[in-house]
Structures are given as C-alpha cells and as structure tokens.
Amino acid sequence: MLSEKMQDALNAQINAEMLASYKYLAMAAYFEAENLIGFANWMHVQSQEENTHAMKFYHYIKDRRGRVLLRPLDGPKNDWTSPLEVFQAALQHEQYVTGLINNLMDLAISERDHATQSFLKWFVDEQVEEESNVDAVIQDLKRVGSSAEGVFFLDRELAGRTAEAEGEGEAAE
Ligand code: FEO
C-alpha cells in the first residue's frame, strides 16, 4: 500500500502532467492561429505525451491499491509574441516538472518505498529527454532568428514529429 503522503503527492503529479498537457494544447492552438502547422503538430504530440504521463501515474496509484483523486486544472496562458517565447515557456515548464519528479523521488527514498522509486526512475530519465527536446528547438529558433524563411523551414521540419512508441503504450493498459 502507498502511504497517504505518497498517494497525495502522486495525485498532485497527475494534476501537474494534465496541466502540462493543457498548456501544450494552448501552445498548439496559438501556433495554429499563427498558421505554423508544424509547430502546432509538435505541441499536439507533446500534449498527448503529457496525457500519457498523467495516465502512468493514474495506473500506478491504482495498481498499488491507492485512490486516484483528480483536482481542478489552472487555466493556461494562451498568447505569446514569438515561437521562441513559446518554447522558452515550454522549457521553463519542463524544468519545473523535473523538480517535481525529483521531489517525488526524494519522498519515495525517505519512505523506503522501493516500488515507487522504481516506477519514478522512468520519469527521471524521461525528463532529461523532455528538456533536451525542447532545448533543441530553442537552439534552432535562435539560429534562424527573425528570418521568415528559417521559421518556415523549421515549421516544415517539426511537422514530421510523431508520438514516440517506447514506454508510451504501458499507460493504456
Ligand atoms: Fe511529463 Fe514533459 O513532463
């Protein structure tokens, strides 16, 4: 059984991952309004990944015979001034989530909850990839600067992003 404190913290993480999904959906909508369909696609894929992350926590709580309790979502920001500003906000959010995952791991270690530590290991690794993926787009955006042509080609490139299969299927079980 999960401790009550651990269950609360895991339920809070469902909310954080759902909020991330909602934020990325708002970013997708912004890019669609700007007619940057490739950037919008990248955000849709990211939004779905966050939903998958939330569901991993959902199923884990259930598998440990805990109680899933959903909380209200905060309203996301809907407007930005440039693609770079959007991705910088995305990186900031990923860094925040990394901090939350680290806090969860600290709690699992302090409680000697080995199962939760093992479960969280995937998220520790995933956050490295998440931050790196966002940072890669930031570096590209900085490189193209204000060049409309550069943004156009980057938009084309990001249109090719698809959902990653590895480790994502488990949450649907
Ligand atoms: Fe689920 Fe991007 O952290």
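Here the structure is shown first, and the text comes after it.
Just so we're clear, the structure is a prediction, and the values are computed from it rather than from any experiment.

With that out of the way, let us pick up the pattern of salt bridges. For the coordinates displayed, the defined rule picks out 5 salt bridges. Here Arg161 and Glu49 are joined by a salt bridge, their closest N and O atoms 3.4 Å apart. Here the residue Arg161 occupies a position in the segment after helix H5 (148-158), and Glu49 occupies one in helix H2 (residues 37-63), the gap between them amounting to 112 residues. Its relative accessible area of 3% is what places Glu49 among the buried residues. In this structure, Asp125 engages Lys121 in a salt bridge whose closest nitrogen and oxygen atoms are separated by 2.9 Å. Linking Asp125 with Lys121, this pair stays in helix H4 (residues 114-144), spanning 4 residues, or about one helical turn. Judged by its relative accessible area of 41%, Asp125 is partly exposed. For Lys121, a relative accessible area of 46% corresponds to the partly exposed category.

In this structure, Asp155 sits in helix H5. A polar side-chain atom of Asp155 sits 2.8 Å from the main-chain amide nitrogen of Gly38.

We now examine the packing of H2 against H5. The relative placement of two packed helices comes down to the angle between their axes together with the axis-to-axis distance. Relative orientation of the contacting elements H2 and H5 amounts to 40°, with a least axis distance of 6 Å. Our classification of the angle between H2 and H5 gives oblique. In this structure, the crossing between H2 and H5 has a hand that is left-handed. Mapping the contact onto sequence places Ile37, Gly38, Phe39, Asn41 and Trp42 in H2 and Val151, Leu154, Asp155 and Leu158 in H5. Its residues placed into classes, the contact of H2 with H5 shows 6 nonpolar, 2 polar and 1 charged.

Considering all chains together, one arrives at 12 aromatic pairs under this definition. With a centroid separation of 5.5 Å and 70° between ring planes, the pair formed by Tyr30 and Trp80 is classed as edge-to-face. Here Tyr30, found in helix H1 (residues 4-33), pairs with Trp80, found in the loop between H2 and helix H3 (83-110); they are 50 residues apart in sequence, far enough to count as distant. In terms of burial, Tyr30 and Trp80 fall into one category: buried. Consider the rings of Trp122 and Phe123, whose centres lie 4.9 Å apart with planes at 80°: the pair is edge-to-face. Members of the aromatic cluster, each reached through a chain of ring pairs, are Tyr30, Phe31, Phe39, Trp42, Trp80 and Phe87. Sitting over the ring of Trp122, Lys56 keeps its end group 4.2 Å from the ring centre. Sitting over the face of the ring of Trp42, Arg161 holds its NZ or CZ atom 4.3 Å from the ring centroid.

Among the nonpolar cores identified, the biggest contains 24 residues, and Phe31, Phe39, Met43 and Phe87 are the most heavily contacted of them. For this core, the elements supplying multiple residues, two or more each, are H1, H2, H3, H4 and H5. If one sorts the elements of this core by residue count, H1 sits on top with 7 residues. Residues in contact with Phe87, not counting those within four places in the same chain, are Phe31, Phe39, Trp42, Met43, Val134, Val137, Ile138, Leu141 and Leu158.

Turning to H5, a few remarks are in order. Turning to H5, its buried residues number three or more, namely Gly150, Val151, Leu154, Asp155 and Leu158. Along the long axis of H5, the arc covered by the buried residues comes to 135°, so they all point the same way. H5 presents Glu149 and Arg156 as exposed residues on the side facing more than 90 degrees away from its buried surface. If you follow the buried residues of H5, they end up packed against H2, H3 and H4.

Thresholds, definitions, all that
- Residues numbered from 1 in each chain as written.
- Predicted model: local features only at pLDDT ≥ 70, side-chain atom pairs only at ≥ 80, totals over all residues.
- Heavy atoms only, no water.
- Salt bridge = Lys/Arg side-chain N within 4 Å of Asp/Glu carboxyl O.
- Helix = DSSP H or I, 4+ residues; strand = E, 2+ residues; numbered from the N terminus.
- Buried < 20%, exposed > 50% of the residue type's maximum accessible area, 1.4 Å probe, protein only.
- Polar contact = N/O pair within 3.5 Å; in protein donor to acceptor, adjacent residues only side chain to side chain.
- Axes fitted to C-alpha atoms, helices over the stretch in contact; angles between N-to-C directions.
- Parallel < 35°, antiparallel > 145°, perpendicular 65-115°, else oblique.
- Left-handed = near helix turned anticlockwise from the far one by under 90°.
- Contact = heavy atoms within 4.5 Å.
- Nonpolar A, V, L, I, M, F, W, Y, C, P; charged D, E, K, R; others polar.
- Phe/Tyr/Trp six-rings, centres within 6.5 Å; stacked < 30°, edge-to-face > 60°.
- Lys NZ or Arg CZ within 6 Å of the ring centre and 35° of its normal.
- Core = buried A, V, L, I, M, F, W, Y, C linked by side-chain atoms within 4.5 Å.
- Arc of directions from axis to C-beta.

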